[in-house]
Amino acid sequence: MATPNVISRTTSDLDSDYKYGFVTDIDADQAPKGLNEDIVRLISAKKDEPEFMLEWRLKAFRHWQTLDHEGPQWAKVDFPAIDYQDIRYYSSPFTDKPKPESLDEVDPELIEAFGKLGIPIEEQKRMTGVAVDAIFDSSSVATTYKKSLEEAGVIFCSVSEAVRTHPDLIKKYLGSIVPYSDNFYATLNSAVFSDGSFVYVPPGVRCPMELMTYFRINSEDTGQFERTLIIADKGSYVSYLEGCTAPMRKTHQLHAAVVELVALDDAEIKYSTLQNWYPGDKDGNGGVYNFVTKRGKALGKNSKISWTQVETGSAITWKYPSVILQGDNSTGEFYSVALVNNHQQADTGTKMTHIGKNTKSTIVAKGISAGQGESTYRGLVQIMPTAEGATNFTQCDSLLVGDKCGAHTVPYIDVRNPTARMEHEASTSKVSDDQLFYAMQRGISEEEAHYMIINGFCRGIFQELPFEFAMEAQQLLRVSLEGAVG
Amino acid sequence: MLEIRDLHVSVAGTEILRGIDLTVPTGEVHAIMGPNGSGKSTLASTLAGKQEYEVTQGEVLFQGEDLLGLLPDKRALAGLFLAFQYPPELPGVRNRHFIKAALDALLEHRGEEALNARQFDKIYRAATKDIGMDTELTKRSVNEGFSGGEKKRNEMLQMAILDPALAILDETDSGLDIDALRLISEGINRRRSPKNATLLVTHYQRILGYIVPDKVHVLIDGRIVRSGGRELAEELEERGYDWLREPASEIPTA
């Protein structure tokens, strides 16, 4: 084990505005850089996976090899080509066993690292009522609250554990919403996914607490490819939160996750994200490439899937949490705040595919552009011929801070059933001098006035977040805007 | 309280105020009257520090200190309050939260302890009641969806809570029905004290039926052309402003 007191701030050549930029020095079990079948087999073996999982990974890998490695080109983001052979695809902080049996076996430095992130992983912090699955690089560190969840019949564990313990559910649902051939990054993820969370809520159960996963990339040159699967069985409810941070690195780090949600009859899944990966420095050096595929299927009648995201981090965000509204009377929601500052780029939005009758979707997307940031909302609302009586409401608002940033809105609407009702509202505004003057005339500083107005712009979205997350989101917004206002 | 000496102000290169001299002593209420376009609002906004109003000449002392060198928030913290003629909307910013933030900033500036939510709530409720403001309205975003009268009341609410040394009311009476005018006038009279001062900027004499000013000043074409007591306002009501205008030949071209 490494020496004590090793949680250190990163070096001075990077600006220290990023609060979560520490590196934890622990022995890691790492695969060599590069990607080939052996690496895929290694990952599968490290995780002690059954044969079917390895076969699926290999299928994905072989498919990935046939793809153009430039990745999708349609998004309004600009970055140099990624060398996929220069990335490490497996890094685990556990050198011996794949997973510790209890918290006592976890390296205290790891726990301290998570403490620094404000994650209630320790026993005394369990009182907050949030069950946490913490993913450090590629492995799941500890899942708190396991016992009380078990009593309710809720399964909340790492996806690698679920592959071993609940192979039937994995076989049935993994890849059923986002198939391995879905898109370039999803295919890559399917081949090399390391860990992630698995949730199953049995019929009629209202999950007694919010479930939360905290992701952190620690090792340098390591990509993070987590995979999350949430299944809400008939009549159940679950609220799931996810937070992410990464240390400051001069090089870019790749994060290509896949999240799949399935809601059966009368079930509801509420999925909230605070994405705060390292955004790079103010000149655009370093930062995480956040290329994520998130999709939910409102499979059963009257089911509901709701995505809420606050995206403030990452050098580049490429992400479209979507809902397939298959069950009759099902509901899909997407609430988003995406903030870009300095040289950050975000191309984010959603896809609502209406298949069932009387399906309903709501999209509220707020983009904030500051510095030289470029923010794009990209969305597709699709009403299939079967979707009798479908309704959609879309609202896209952009707020510009300063005069070097950009905001773009690319909404697609595809209606194939004449009974559909569609509403689309869009606005672009600037924080006005009159608003600032008004707040300042009340004794509020220019900087505070900016935060206040920007926060107000996001209020409708923050209201969708669980209370503590909403507070954190406001804080994140403030930290992310430093230097852009006042 | 306020001393304005030879104040010249331009907006986008056009001189609007052309040498204002005005003294408002502590404990007094002064009214500035004048026709549309005479520079009344320019004076009010300049005192509050609005950026596009460029002071080209003159000085302003507020409580004996130079005012013009301060940013708008510092002026506010020093005790200067402007009730806006057209208060802007702050979508998503709750009214209550906004006013608490303003009061917190003020208390911090004075080195006093911030109020907790309950203490503030008490003050806030009492003040909304005094001003006859619908409590439902105060839960909404600042000025969003407020009627003209509601916006004015909201300005008076903020004035009551922040209790400034000098309140400048820019056409606060315009567009109000009689009941609202009476309530707002009561609010202004309530704050009258030997320790503060009020500058009422108005187009109409109407509000002066409720508030008796110590002095009335007439502003025409960027200059104070006459000052007097309450009776001057009555005279204006009867005769209009034209008799006070300078002959055209005497107006220097800008």
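Parameters and conventions
- Residues numbered from 1 in each chain as written.
- Chains lettered and ligands numbered in written order.
- Predicted model: local features only at pLDDT ≥ 70, side-chain atom pairs only at ≥ 80, totals over all residues.
- Helix = DSSP H or I, 4+ residues; strand = E, 2+ residues; numbered from the N terminus.
- Rg over C-alpha atoms; globule rule 2.2 N^0.38 Å.
- Buried ≥ 20, exposed ≤ 12 C-beta atoms within 10 Å, placed from the backbone.
- Contact = placed C-beta atoms within 7 Å.
- Pairing = 2+ DSSP bridges.
- Axes fitted to C-alpha atoms, helices over the stretch in contact; angles between N-to-C directions.
- Nonpolar A, V, L, I, M, F, W, Y, C, P; charged D, E, K, R; others polar.
- pLDDT = per-residue confidence, 0-100.
- Core = buried A, V, L, I, M, F, W, Y, C linked by C-beta atoms within 7 Å.
- Expected span 1.5 Å × (residues − 1).
- Arc of directions from axis to C-beta.
- Parallel < 35°, antiparallel > 145°, perpendicular 65-115°, else oblique.
- Left-handed = near helix turned anticlockwise from the far one by under 90°.

(A) Region of interest: the overall build of chain B. Each helix and strand in chain B was counted, giving eight helices and 12 strands. Its C-alpha atoms give chain B a radius of gyration of 18 Å, within 12% of the compact-globule value 18 Å for 254 residues. Counting over 254 residues, chain B shows a buried share of 42%. Long-range contacts, defined as pairs at least 24 residues apart, comprise 71% of the intrachain contacts of chain B with a sequence gap of at least 6.

(B) Representation of the overall build of chain A. Secondary structure assignment for chain A yields 10 helices and 25 strands. In chain A, once contacts between residues fewer than 6 apart in sequence are set aside, the share between residues at least 24 apart is 82%.

(C) Structural context of the sheet that holds strand β10 (residues 197–202) of chain B. Residues and elements named next belong to chain B. The mixed open sheet is built from six strands, whose spatial order is β6-β9-β10-β3-β11-β12. Every interior strand has two partners, whereas the edge strands, β6 (80–83) and β12 (223–228), have only one. Along the sheet, successive strands turn relative to each other by an average axial angle of 20 degrees, direction set aside. Where strand β11 (residues 215–220) lies against β12, five bridges are found, and the strand directions are antiparallel. Bridge pairing in β12 places isoleucine 220 opposite arginine 223.

(D) Molecular detail of the sheet that holds strand β4 (residues 53–62) of chain B. Residue and element names in this part refer to chain B. Taken in spatial order, the four strands make up an open sheet running β2-β1-β4-β5, and their pairing is antiparallel. Looking at which strands have only one partner, the edges of the open sheet turn out to be β2 (14–24) and β5 (65–66). Judged from the eight bridges that link them, strand β1 (residues 2–11) and β2 form a sheet pairing that is antiparallel. Within β2, the position partnered with isoleucine 4 by the bridge is leucine 22.

(E) Looking closely at the interface of chain A and chain B. Taken residue by residue, the interface counts 19 residues in chain A and 22 residues in chain B. Listed by contribution, the elements that provide at least two residues to the side of chain A that touches chain B are α8 (433–441) and α9 (446–462) of chain A. By residue class, the composition of the side of chain A that touches chain B is seven nonpolar, seven polar and five charged.

(F) Spotlight on the confidence of the model for chain A. Of all residues in chain A, 80% attain a pLDDT of 70 or more, and the chain-wide mean is 83. Taken as a whole, residues 122–130 of chain A scores under 50 in pLDDT and shows 13 contacts with residues more than four places along the chain or in a different chain.

(G) Molecular detail of the nonpolar core. Membership of the largest hydrophobic core comes to 195 residues, with the highest contact counts inside it found for Val199, Ala232, Ala263 and Ile269 of chain A together with Leu166 and Ile168 of chain B. When residues in this core are grouped by element, the largest group, eight residues, is from α9 of chain A. Leaving out residues up to four positions away in the same chain, leucine 166 of chain B has contacts with Met1, Leu2, Phe62, Gly79, Leu80, Phe81, Asn196, Ala197 and Leu199 of chain B.

(H) Broad picture of the environment of valine 201 of chain A. Among the structural elements, valine 201 of chain A can be located in strand β8 (residues 197–201). Once residues lying within four places of it in the same chain are set aside, the contact partners of valine 201 of chain A are Val154, Cys207, Ala232, Asp233, Ser236 and Val238 of chain A.

(I) Quick look at helix α7 (residues 178–191) of chain B. Residue and element names in this part refer to chain B. Compared with an ideal rise of 1.5 Å per residue, which puts 14 residues at 20 Å, α7 spans 20 Å between its outermost C-alpha atoms and is within 8% of the ideal. Looking only at α7, the buried set comprises Ala180, Leu181, Ile184, Ser185, Gly187 and Ile188. Across the axial projection of α7, the buried residues extend over an arc of 155 degrees, all falling on one side. Exposed residues lying more than 90 degrees from the buried face of α7 are Ile178, Asp179 and Arg190. Structurally, α7 contributes buried residues whose contacts are with α4 (117–130), α6 (148–162) and β10.

(J) Examining the environment of asparagine 95 of chain B more closely. Residue and element names in this part refer to chain B. Structurally, asparagine 95 is set in helix α3 (residues 95–109). Taking the C-alpha atoms as reference points, asparagine 95 and glycine 69, separated by 26 residues in sequence, lie 30 Å from one another. The residues contacting asparagine 95, other than those within four sequence positions of it, are Thr138, Arg140, Ser141, Val142 and Asn154.

(K) Summary view of the pairing of β11 of chain B. Residues and elements named next belong to chain B. Judged by how many residues are buried, β11 sits mostly within the fold: five of six residues are covered. Both strand β3 (residues 29–33) and β11 contribute to a ladder of four bridges, which runs parallel. Within β11, the residue paired with alanine 31 across the bridge is valine 216.

(L) A look at α3 of chain B. Residue and element names in this part refer to chain B. Here α3 spans 21 Å end to end across 15 residues, near enough to the 21 Å set by a 1.5 Å rise per residue. Residues Asn95, Phe98, Ile99, Ala101, Ala102, Leu103, Ala105 and Leu106 constitute the buried set of α3. At the exit of α3 stands glycine 111, carrying a positive phi of roughly 75 degrees.

(M) Structural detail: the packing of helix α1 (residues 37–46) of chain A against helix α2 (residues 51–65) of chain A. Residue and element names in this part refer to chain A. With their axes 10 Å apart at the nearest point, α1 and α2 run at an angle of 150 degrees to one another. It follows from the interaxial angle that α1 and α2 lie roughly antiparallel. Every pair of crossing elements has a handedness; the one defined by α1 and α2 is right-handed. Residue-level inspection shows Glu37, Val40, Arg41 and Ser44 of α1 in contact with α2, the latter providing Met53, Leu54, Arg57, Leu58 and Phe61. Here the contact of α1 with α2 is built from residues that sort into five nonpolar, one polar and three charged.

(N) Just the confidence of the model for chain B, in detail. Residue and element names in this part refer to chain B. Confidence in the prediction of chain B, expressed as mean pLDDT, is 90, and 96% of residues score 70 or more. In the model of chain B, helix α5 (residues 135–138) stands out as the element of lowest mean pLDDT, 76, in contrast to β6, which has the highest, 97. Reported confidences for the modelled complex are a pTM of 0.82 and an ipTM of 0.94.

(O) Structural view of the packing of α3 of chain B against α6 of chain B. Residues and elements named next belong to chain B. Taken N-terminus to C-terminus, the directions of α3 and α6 make an angle of 30 degrees; their axes are 10 Å apart at the nearest point. The angle between the axes of α3 and α6 places the two elements in the roughly parallel class. With respect to the hand of their crossing, α3 and α6 are arranged in right-handed fashion. Along the contact surface, α3 presents Asn95, Ile99, Ala102, Leu103 and Leu106, while α6 presents Asn154, Gln158, Ile161 and Leu162.

(P) Spotlight on the pairing of strand β14 (residues 268–275) of chain A. Residue and element names in this part refer to chain A. Within β14, eight of the eight residues are buried, which leaves it mostly tucked inside the rest of the structure. Of the two faces of β14, both are covered, the one formed by Glu268, Lys270, Ser272 and Leu274 as well as the one formed by Ile269, Tyr271, Thr273 and Gln275. Bridging between β14 and strand β16 (residues 304–311) involves eight bridges; their strand directions are parallel. The partner of threonine 273 across the bridge, within β16, is glutamine 309.

(Q) Spatial organisation of unusual backbone geometry. Residue aspartate 266 of chain A is not a glycine yet carries a positive backbone phi of 60 degrees. Mapping aspartate 266 of chain A onto the fold places it in the loop between β13 (258–263) and β14. C-beta crowding within 10 Å serves as the criterion here: with 21 such atoms nearby, aspartate 266 of chain A is assigned to the buried category. For alanine 12 of chain B, which is not glycine, the phi dihedral falls at a positive 45 degrees.

(R) A look at the environment of arginine 230 of chain B. Residue and element names in this part refer to chain B. By the secondary structure assignment, arginine 230 is in helix α8 (residues 230–239). Note: C-alpha distance between arginine 230 and glutamate 65 (165 residues apart in sequence) is 29 Å. Setting aside chain neighbours within four positions, we find arginine 230 in contact with Leu208, Val212, Pro213 and Val216.

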